[in-house]
Amino acid sequence: MEKGARALVTIESVAAGGSGVCHVDGMTVFVPQTCPEDQAEIRIDRVKSGCAFGTVTKLLEASPFRRIDFCPVSDRCGGCDLAHISYEKQLTIKRQIVVDALERIGGFTDAPVCETLASPRSMRYRNKMVFPFGRDADGALAGGFYAPSSHSLVPLTDCKQGDETVSRYLAAAIEYLQETGTSLYDELTHRGAARRLFVRLAEGTKEAMVVMTANAKKLKQPELLVEKLLSVPSPYTLTSILFNRHTKADNLLLGKENKVLYGRDYIEDILGGLRFRIAAHSFYQINAPQTENLYNTALSLADLSGHETVLDLYCGIGTISLFAAGQAKRVIGVEIVPSAIENAKENAMRNNIKNAEFILGSAETIAPQLAEKGIRPDVICIDPPRKGADAMALDAIIKMAPEKVVYVSCNPATLARDAKYLCANGYSLIKSIPTDMFPNTSHIECCALLCRNR
Ligand code: SAH
């Protein structure tokens, strides 16, 4: 097969990463923006050993699972890669991706994977959005999302993933940039100031935080930004406006330093009857109503009786820890981001929870120390970032030998790799429950239960 070749194909499935999968002359070809049962003419763009990548040149027969009109820019925007597929089909696709990962990477046959737990809302569910600034086709200042695998801007229209309020905050910020003549950051030259607008909404309290990130020591006329943002009509109350100084030439969303321009340096949300304080740098799940389901699923897998010690590795602001605290004797949370661990301690205090303690540090250094000290949790919950758990953390878990490991994963591939490791060291994979936190995208969250072999 050669680059530039054309083929007539039927899309068979969707792979991790969101591309449709088909076969041409026995070779697997990945085609983005397609749907199972699409019949299409494709062009081969790239051939690697063992697989190829193509694009649709003509959709000959659209799959019955396709939907239209979800979003006018979904074919160009890198934000949603499954927006063209009906929500019900997305759920079966996600389950299959988990099954495939557990089988291919984890080596599990007949992997125990439940149906995907649907999100209470399949649109307007995101409580956090980050918009890079750039220019639209006419050269006007704009904010939006990047096109797939690129940094070219797709200006925001009204994104169906977030609340309508968010585009109004963005418009206010753009007005401010225009009126103050603030320059735009250029990634290539590392010159210019305004980089991104970060917006976080708390559904439970209706509080909002807006952060302007810029490659600058100070913002010009910050009071004008505050005035413009505060005058945005919104069901949310802006309780935190920050300037984030982001002077490094990296891709991180935020620089290290925040300056409060208005209100506080955190917002609060209510989840499962608990009140959580969330700083800009702290991780917080982006789909609040489904987060409650995710944590309740994790807790139902832990099946606590009130006598257990629970270790919550990668605990963020202590959400899972504090959900678990009411059902356990003792909870220990471990997290690497200082503001998150500070939030976790405050959150325990403010919710009057006395049996939870929090330790700042990486799971791979703290878990071995806890094991060394003789801590033997009954349940260890882990919720690592996409790269999965560090081998040192897994070894410490094995040493602490809990009856149950509840693995909350945002990446089926690393879940499969880590579950395989645990299962080679005395555990069995009992159950996994894909939980859709990210409708219209190929991102997949999954709760898995591993139990120690008797
Ligand atoms: N359970 C929390 C957070 C999950 S996200 C929740 O549901 O909100 C993963 C968390 O792991 C983030 O807070 C991130 O800051 C943290 N983290 C990343 N690498 C880590 C490491 N090596 N050790 C400990 N925590 C880490």
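Located above this text is the structure these notes cover.
Residues numbered from 1 in each chain as written. Predicted model: local features only at pLDDT ≥ 70, side-chain atom pairs only at ≥ 80, totals over all residues. Heavy atoms only, no water.

Enquirer: Explain the site of the ligand to me, using residue names and the numbers behind them.
Expert: Close contacts around the ligand come from 17 residues, with Gln285, Tyr295, Glu335, Ala363 and Asp383 the closest. Taking tyrosine 295, its side chain carries an N or O atom lying 2.6 Å from an oxygen atom of the ligand. One nitrogen or oxygen atom from the side chain of glutamate 335 is found 2.7 Å from an oxygen atom belonging to the ligand. Listing elements by their share of the shell around the ligand, those giving two or more residues are helix H5 (319-325) and helix H7 (363-372). Residues that form the shell around the ligand fall into these classes: nine nonpolar, five polar and three charged. (Near = heavy atom within 4 Å. Polar contact = N/O pair within 3.5 Å; in protein donor to acceptor, adjacent residues only side chain to side chain. Helix = DSSP H or I, 4+ residues; strand = E, 2+ residues; numbered from the N terminus. Nonpolar A, V, L, I, M, F, W, Y, C, P; charged D, E, K, R; others polar.)

Enquirer: Account for unusual backbone geometry, with residues named and values stated.
Expert: Positive phi, normally seen in glycine, also occurs at aspartate 110, with a value near 50°. By the element assignment, aspartate 110 lies in the loop between helix H1 (87-104) and strand S7 (128-135). Positioned with a positive phi, serine 149 is a non-glycine residue whose angle comes to about 45°. Serine 149 sits in the exposed class, given a relative accessible area of 84%. (Buried < 20%, exposed > 50% of the residue type's maximum accessible area, 1.4 Å probe, protein only.)

Enquirer: Could you give an account of the packing of aromatic side chains, with specific residues and numbers?
Expert: All told, the structure shown has three aromatic pairs when counted by the stated rule. Centre to centre, the rings of tyrosine 295 and phenylalanine 323 are 5.1 Å apart; their planes meet at 75°, and the pair counts as edge-to-face. One end of the pair, tyrosine 295, is in helix H4 (residues 288-302); the other, phenylalanine 323, is in helix H5, with 28 residues separating them in the sequence. We classify phenylalanine 323 as buried; its relative accessible area is 10%. The lysine or arginine in question, arginine 46, covers the ring of phenylalanine 53, its NZ or CZ lying 4.3 Å from the ring centre. (Phe/Tyr/Trp six-rings, centres within 6.5 Å; stacked < 30°, edge-to-face > 60°. Lys NZ or Arg CZ within 6 Å of the ring centre and 35° of its normal.)

Enquirer: So what about the environment of serine 409? Which residues, and what values?
Expert: Among the secondary structure elements, serine 409 is positioned in strand S20 (residues 404-409). In this structure serine 409 comes out as buried when scored by relative accessible area, which is 2%. Spatially, the C-alpha atom of serine 409 lies 9.7 Å from that of lysine 387, the residues being 22 residues apart in sequence. When residues no more than four places from it in sequence are discounted, the contact partners of serine 409 are Leu415, Ile444, Glu445 and Cys446. (Contact = heavy atoms within 4.5 Å.)

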